[in-house]
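What follows is the residue order along each chain.
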Amino acid sequence: TLHNIKGCSFKYFSTEMDSIKLGKKSAAYIAVDENIQDNQVIGIGSGSTIVYAAERIAQKVKEEKLKLVCIPTSFQARQLILDNGLTLSDLERNPELDVALDGADEVDSRFNLIKGGGGCLTQEKIVASCSKKFIVIADFRKDSQVLGEHYTRGIPIEVIPMAYKPIMRKIKTLYGGSLELRMARAKAGPLITDNGNFIIDWKFESGDHDWKKVNTELLMIPGIVETGLFINMANKAYFGMQDGTIKVRE
Ligand code: 5RP
């Protein structure tokens, strides 16, 4: 539970924050406390949960005088690192990471993840793949038996813009389901990723999928840059529950 965490009493959380925010913050704080040590190179993921992790890392750097180097997974992550006064680096200077922390849209019972709700899946997967440990932080809603149980937007797939239509047709023919080109917030046009690409959200049909095989097959389609399926990558997941307690899976 959070009761013992300095500066973060449970009472404060329960009166000031709703249960989802409490879940996110609890998972992030505990994961940072258990996994971040001096002299590490750390991957900073994207999304709303990682905001709390960056906040906690900054507190630890200040209080414990830790020397840490942070690698961003998106423009948002880069801003988070800078805004929290952390040391920004990149994969050229630090091609090997000790720990990558990131959120997830869903985690199934076999530790398959859907990521990319924020459209940052490609850099997130690259950074996670360069890390000795990949730690997932999420609220209770992301903990599922099978993918699609709770997260209904489907699997985000980053594609080269000129290929989006044929890719949608090919996925539909291969696996069925429905596909949508993700639009920018104001619906002014397609969402453009940090890499200058489009995102397709594939709402797959429910059932027993071999996600490793599906992921490999998707990556064979010309124009698909990366998928939001993270297979055999996570080492540990921290789920923050409504009451501020933590469920850990590894
Ligand atoms: C962004 C991601 C995020 O990590 C994922 O969408 C979870 O976000 P949040 O922490 O806001 O629930 O993959 O591309």
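Reference entry: report on the structure contained in this document. Predicted model, so just to flag it, every value in this text is computed and none were measured.

Conventions we followed
- Along each chain, numbering runs from 1 in the same order as the chain's sequence is written.
- Only residues with pLDDT of at least 70 are given local features in this predicted model, and only at 80 or more are side-chain atom pairs given and counted; all residues enter the totals for whole chains, interfaces and linings.
- Numbering of helices and strands runs from the N terminus, with a helix taken as a DSSP run of H or I at least four residues long and a strand as a DSSP run of E at least two residues long.
- Only the C-alpha atoms count toward the radius of gyration. The rule for a globule is 2.2 Å times the residue count to the power 0.38.
- In this scheme every C-beta is placed from the backbone, and a residue whose C-beta has 20 or more other C-beta atoms within 10 Å is buried, one with 12 or fewer is exposed, and one in between is partly exposed.
- A pair of residues counts as a contact when their C-beta atoms, built from backbone coordinates, are within 7 Å of each other.
- As a rule, any residue with its backbone-derived C-beta atom within 6 Å of a molecule or strand is reported as near that molecule or strand.
- Classification convention: Asp, Glu, Lys, Arg as charged; Ala, Val, Leu, Ile, Met, Phe, Trp, Tyr, Cys, Pro as nonpolar; all other residues, Gly among them, as polar.
- A set of buried Ala, Val, Leu, Ile, Met, Phe, Trp, Tyr and Cys residues, joined through C-beta atoms within 7 Å, is what we mean by a nonpolar core.
- A pair of strands is considered paired only if DSSP assigns at least 2 bridges between the two.
- To obtain an axis, a line is fitted to C-alpha atoms, over the contacting stretch when the element is a helix, and the angle between two such axes runs from 0 to 180 degrees between their N-to-C directions.
- Just so you know how the angles are binned, under 35 degrees is roughly parallel, over 145 roughly antiparallel, 65 to 115 roughly perpendicular, and the rest oblique.
- Less than a right angle of anticlockwise turn of the near helix away from the far helix marks a crossing as left-handed, whereas a clockwise turn marks it as right-handed.
- The handedness of a crossover follows from its direction of travel: if, with the strands pointing away from the viewer, the path from the first strand over the helix to the second runs clockwise, the crossover is right-handed.

**A look at the overall build of the chain**
- Tallying secondary structure elements over the chain gives seven helices and 13 strands in all.
- Here the chain has a C-alpha radius of gyration of 18 Å; the compact-globule value for 250 residues is 18 Å, and the two agree.
- Across its three principal axes, the chain shows a C-alpha extent of roughly 55 × 40 × 35 Å.
- Residues counted as buried form 44% of the 250 residues belonging to the chain.
- Sequence-distant contacts in the chain: of pairs separated by 6 or more residues, those separated by 24 or more amount to 75%.

**Things to note about the site of the ligand**
- Near the ligand lie 17 residues; those nearest to it are Gly 47, Thr 49, Gly 103, Gly 117 and Gly 118.
- Across the shell around the ligand, the residue classes break down as three nonpolar, 10 polar and four charged.

**Some words on the nonpolar core**
- Formed by 60 residues in total, the largest nonpolar core has its most connected members in Ala 31, Ile 44, Ala 53, Leu 101, Val 136 and Ile 137.
- Those residues within four positions of Ile 44 in sequence are excluded, and the remaining contacts are Ile 50, Ala 54, Cys 70, Ile 71, Pro 72, Thr 73, Ala 77, Leu 80, Ile 81 and Leu 101.

**Structural notes on the sheet that holds strand β7 (residues 155-159)**
- Within the open sheet, the four strands sit side by side as β8-β9-β7-β10. Their pairing is antiparallel. Looking at strand neighbours, the two that pair on one side only are β8 (178-181) and β10 (224-227), the edges of this open sheet. Neighbouring strand axes in the sheet, compared pairwise and without regard to direction, differ in orientation by 25 degrees on average.
- Judged from the three bridges that link them, β7 and β10 form a sheet pairing that is antiparallel. If you follow Val 159 over to β10, its bridge partner there is Ile 224.
- Sheet strands in contact with helix α5 (residues 121-129) are β7 and β10, and its direction is about 65 degrees off that of β10.
- Together, β7 and β10 form the strand contacts of helix α7 (residues 211-219), whose direction differs from that of β10 by roughly 160 degrees.

**Topic: the packing of helix α2 (residues 19-35) against helix α3 (residues 49-64)**
- Close contact between α2 and α3 brings their axes to 8 Å; oriented N to C, the two are set at 40 degrees. The pairing of α2 with α3 is recorded here as oblique in orientation. Crossing angle aside, the handedness with which α2 passes α3 is right-handed. Residue-level contacts link Lys 24, Lys 25, Ala 27, Ala 28, Tyr 29, Ala 31 and Val 32 of α2 to Thr 49, Tyr 52, Ala 53, Arg 56, Ile 57 and Lys 60 of α3.
- For the contact of α2 with α3, the per-class residue count stands at eight nonpolar, one polar and four charged.

**Observations concerning the sheet that holds strand β4 (residues 106-107)**
- The strand order across the open sheet built from three strands is β4-β5-β11, with neighbouring strands paired in antiparallel fashion. Only two strands of the sheet have a single partner each, and these edge strands are β4 and β11 (229-230).
- The pairing of strand β5 (residues 113-114) with β11 spans two bridges and is antiparallel. Opposite Leu 113, over in β11, you have Phe 230 as the bridge partner.

**Observations concerning the pairing of strand β1 (residues 41-44)**
- Here β1 shows a buried face lined by Val 41 and Gly 43 and a second buried face lined by Ile 42 and Ile 44.
- For β1 and strand β2 (residues 69-72), the ladder comprises four bridges, and the chain directions are parallel. Pairing of Ile 42 across the sheet is with Cys 70, part of β2.
- Between the parallel elements β1 and β2, the chain passes through α3 in a crossover that is right-handed.
- When β1 meets strand β3 (residues 97-102), the two strands line up parallel, connected through three bridges. Residue Ile 44 lies in a different strand from β3, and its bridge partner there is Leu 101.

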